[in-house]
Amino acid sequence: MIEIMNSGEKHIACVLLVDTSGSMNPHAIVELNEGLREFGAALQSDSKACGCADVCVISFDSEVREVVPFCPAASFQPPQLTANGWTSMNQAIITGLDAIELRKQVYKDLGVAYWKPWIFLLTDGEPNDNEFKSAALNRLHDALDRKKVTFFPMGIGGEANIPLLKQYTHDGCGPVLKATKSNFKEAFVWLSSSMSVISNSNPTMTNVDLDPIPRSISIEL
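Residues numbered from 1 in each chain as written. Predicted model: local features only at pLDDT ≥ 70, side-chain atom pairs only at ≥ 80, totals over all residues. Heavy atoms only, no water.

Quick notes on the pattern of salt bridges
As a reminder of what qualifies: Whenever a carboxyl oxygen of Asp or Glu lies within 4 Å of a side-chain nitrogen of Lys or Arg, that contact is scored as a salt bridge. We count a stretch as a helix when DSSP gives it H or I for four or more residues in a row; a strand needs E for two or more, and each element gets its number in order from the N terminus. A 1.4 Å probe rolled over the protein chains alone gives each residue an accessible area, and that area as a share of the maximum for its type sets the label: buried under 20%, exposed over 50%, partly exposed in between.
According to the stated counting rule, one finds 11 salt bridges in the structure shown. Across the pair Arg103 and Asp54 runs a salt bridge whose closest N-O atoms are separated by 3.6 Å. Highlighted residues: Arg103 in helix α3 (residues 89-110) and Asp54 in strand β2 (residues 53-60), separated in sequence by 49 residues. The pair formed by Arg103 and Asp54 is uniform in burial state, with each residue classed as buried. Taking the shortest distance from any N to any O, the salt bridge between Asp124 and Lys181 comes out at 2.8 Å. With a gap of 57 residues between them, Asp124 in the loop between β4 (118-123) and α4 (133-145) and Lys181 in the loop between β6 (176-179) and α6 (186-199) connect regions that are remote in the sequence. A relative accessible area of 2% places Asp124 in the buried class. Classification of Lys181 by relative accessible area gives partly exposed; the value is 27%. Ionic contacts of the salt-bridge type, sharing partners, join the residues Glu34, Glu38 and Lys185 into one network.

As structure tokens, then:
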């Protein structure tokens, strides 16, 4: 049985799906690694989020890798990622949804209450694994329709296909975050601060107002 910190508190699980394809070189991968470090540091500075926020990092290029399996924020160690290969985004979405279902089962087995899990997807292009697109869209849309997950897609740089990313949102018309390749690590700080807000919220609440999106990040509606 996997142990969970602060099992008497309500938990928030978050999967980070991060693009490590070759187009992320050379500067974007540096920004990504810095963003993950700041993400971890920000969560670990919040005593409540440390034990109530659980994090998983999945990278995708020509392969999909669970580089940080689900762990409490208190023990999160940011990976040092490198960039190469293609963009297996659809397989990453399926892997992320699988990881969330496994984490939810752990919560249920241990009697731990939890908030709706989050998926944060960051990419600078568009998927090359289109043979998995239908499966990824069906799985994700079903989870969104049934309010089983909250999805935050983010495109960085001029090559990010924002209209395509929008297809993955609820009803294909949800918001997509957008930033430059040299200025997106603030998204990870926003994500960590929002997870802290959730962790510190009244567990009986169903809706919690998140922190405002940083000005360096636009929202494509």
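As for the side chain of Asp54
Condition: Any two residues whose heavy atoms approach within 4.5 Å are treated as being in contact.
What makes Asp54 buried here is its relative accessible area of 0%. The residues touching Asp54, leaving out its near neighbours within four places in the chain, are Ile4, His11, Ile12, Ala13, Cys14, Phe70, Cys71, Pro72, Arg103, Tyr107 and Met195.

So, the packing of aromatic side chains
What characterises a pair of aromatic rings is the spacing of the ring centres plus the angle enclosed by the ring planes. Definition in use: To pair, rings of Phe, Tyr and Trp, with the six-membered ring standing in for Trp, must have centres within 6.5 Å; the planes then decide the type, stacked if under 30 degrees apart, edge-to-face if over 60, and tilted in the middle.
According to the stated counting rule, one finds 5 aromatic pairs in the structure shown. When the centroid spacing of 5.9 Å and the interplanar angle of 90 degrees are considered together, the rings of Phe39 and Phe76 count as edge-to-face. With Phe39 in helix α1 (residues 27-44) and Phe76 in the loop between β3 (64-72) and α3, this residue pair connects regions lying 37 residues apart in the sequence. Classification of Phe39 by relative accessible area gives buried; the value is 0%. The exposure class of Phe76 is buried, given its relative accessible area of 2%. For the ring pair Phe152 and Trp190, a centre distance of 5.4 Å and an interplane angle of 85 degrees mean the geometry is edge-to-face. One end of the pair, Phe152, is in strand β5 (residues 150-156); the other, Trp190, is in helix α6, and 38 residues separate them in sequence. You'll find Phe152 and Trp190 in the same group, each marked buried. Linked through ring pairs, Trp118, Phe152 and Trp190 together constitute an aromatic cluster.

Some remarks on the packing of α3 against α4
Applicable threshold: For helices, the fitted axis covers only the stretch in contact; all axes are lines through C-alpha atoms, and the angles between them, taken along N-to-C directions, range from 0 to 180 degrees. Crossing handedness is defined as follows: a turn of the near helix away from the far one that is anticlockwise and smaller than a right angle gives a left-handed crossing, while the clockwise case is right-handed. Each residue is assigned to one of three groups, with Ala, Val, Leu, Ile, Met, Phe, Trp, Tyr, Cys and Pro labelled nonpolar, Asp, Glu, Lys and Arg labelled charged, and all others, Gly among them, labelled polar.
Where α3 contacts α4, the two axes come as close as 8 Å, and the packing angle between them is 40 degrees. Along this stretch, α3 crosses α4, giving a crossing that reads as left-handed. Between α3, through Asn90, Ile93, Ile94, Leu97 and Asp98, and α4, the contact on the second element is made entirely by Lys133, Ala135, Ala136, Arg139, Leu140 and Ala143. Across the contact of α3 with α4, the residue classes tally to 7 nonpolar, 1 polar and 3 charged.

Describing α3
So the rule is basically this: Every helix has an expected span of 1.5 Å times one less than the residues it contains.
Taking 1.5 Å per residue as the helical rise, α3 with its 22 residues ought to reach 32 Å, and the 32 Å between its terminal C-alpha atoms agrees with that figure. Two residues or fewer after α3 comes Gly111, characterised by a positive phi angle close to 70 degrees.

Observations concerning the sheet that holds β6
We apply this condition: One bridge is not enough; two strands pair if DSSP finds at least two bridges between them.
In spatial order, the strands read β3-β2-β1-β4-β5-β6-β7; together these 7 strands make up an open sheet with mixed pairing. In this open sheet, the two strands that pair with only one neighbour each are β3 and β7 (218-220). Geometrically, the sheet is characterised by an average inter-axis angle of 20 degrees between neighbouring strands, direction not taken into account. Pairing of β5 with β6 involves 3 bridges; the strand directions are parallel. Along β6, the bridge assignment pairs Met154 with Leu177.

Structural notes on the nonpolar core
What counts, and what does not: The set of buried Ala, Val, Leu, Ile, Met, Phe, Trp, Tyr and Cys residues whose side-chain atoms join them within 4.5 Å is what this entry labels a nonpolar core.
Ranked by internal contacts, the top residues of the largest apolar core, which has 39 residues, are Leu16, Phe120, Met154, Phe184 and Phe188. Contributing elements (two or more residues each) for this core: β1 (12-19), α1, β2, β3, β4, β5, β6 and α6. If we skip the residues at most four places from it in the chain, Phe188 touches Leu16, Val18, Leu32, Gly35, Leu36, Phe39, Phe120 and Leu122. In this structure, Ala13, Ile93, Leu140 and Leu164 belong to the second largest nonpolar core, which totals 33 residues.

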